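Residue strings, one per chain:
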Amino acid sequence: AQSVAQPEDQVNVAEGNPLTVKCTYSVSGNPYLFWYVQYPNRGLQFLLKYITGDNLVKGSYGFEAEFNKSQTSFHLKKPSALVSDSALYFCAAKPVGTGGFKTIFGAGTRLFVKA
Amino acid sequence: ETGVTQSPTHLIKTRGQQVTLRCSSQSGHNTVSWYQQALGQGPQFIFQYYREEENGRGNFPPRFSGLQFPNYSSELNVNALELDDSALYLCASSPRTVGSYEQYFGPGTRLTVT
């Protein structure tokens, strides 16, 4: 079965320090990869995506993600964390060639940034 | 530009009842997907609608059904509710254009089945 794994339930980081939220995927072919963020009592908000090309993609709010095909990983990064970055982060993969549906989400990683 | 909206915000139903959840897609988006997010889990794909037809379905039983209307708004219907149906139901729209595969989510409907 195809899946997306986020191995850390929670990541704790001090404000101003770099952060990494890990994601690996087990999806056939060359899936499209996404990161979304969810704030309390709100829907998911798109952060960034990898479709093809450069392995480092930049997104909203200073976030970036590094794609590694050999390790089937798509880790989310930010050089300097803010307290306001504290939220629930979801990695997702969309298999290519499935007619445009079925995005597979990980279970989520809660990021806590301490002032 | 109006984002994705969902109604109602919260809903409490009894086991065995039926429920209808509603979603208005973002302006210009012709594809709507529905997801179930149980507590502490990631969203699970239920189905997707494109041009008023179901375009794909996840591992959900037939008692989960939907509709898409000419204005691209959508409904999710769940019959014979079970306790395990308690979850946050998310609607997401997308423009279905080349290169634009991300989805735009509404705030969700919190369904509690007692």
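Source: prediction; values computed, not measured.

### A look at the pairing of strand 8 (residues 64-68) of chain A
For a regular strand, side-chain orientation follows a simple rule: the groups alternate between the two sheet faces.
Residue and element names in this part refer to chain A.
Here comes step 1: Taken together, the three bridges between strand 7 (residues 56-58) and strand 8 define a ladder with antiparallel strand orientation. Bridged to K58 within strand 8 is E64.
Here comes step 2: Counted along the chain from strand 7 to the antiparallel partner strand 8, the turn is five residues long, and its residue Y61 has a positive phi close to 60 degrees.
Here comes step 3: Examined bridge by bridge, strand 8 and strand 9 (residues 73-78) share five bridges and lie antiparallel to one another. Bridge pairing in strand 9 links A65 to L76.
Here comes step 4: Counting the residues in the hairpin turn of strand 8 and strand 9 gives four residues, including T72, whose phi is positive at 45 degrees.

### Digging into the state of the cysteines
Residue and element names in this part refer to chain A.
Here comes step 1: On inspection of all chains with the given rule, the structure shows two disulfides over all chains.
Here comes step 2: Residue pairing for C23: its cysteine sulfur links by disulfide to C91, the two sulfurs lying 2.0 Å apart. An S-S torsion of about -65 degrees defines the bridge between C23 and C91 as left-handed. Taken together, the positions of C23 in the loop between strand 3 (19-21) and strand 4 (24-26) and C91 in strand 10 (residues 87-94) put the pair 68 residues apart, joining distant regions of the chain.
Here comes step 3: Classification of C23 by relative accessible area gives buried; the value is 0%.

Criteria and thresholds
Residues numbered from 1 in each chain as written. Chains lettered and ligands numbered in written order. Predicted model: local features only at pLDDT ≥ 70, side-chain atom pairs only at ≥ 80, totals over all residues. Heavy atoms only, no water. Pairing = 2+ DSSP bridges. Helix = DSSP H or I, 4+ residues; strand = E, 2+ residues; numbered from the N terminus. Disulfide = S-S within 2.5 Å. Buried < 20%, exposed > 50% of the residue type's maximum accessible area, 1.4 Å probe, protein only.

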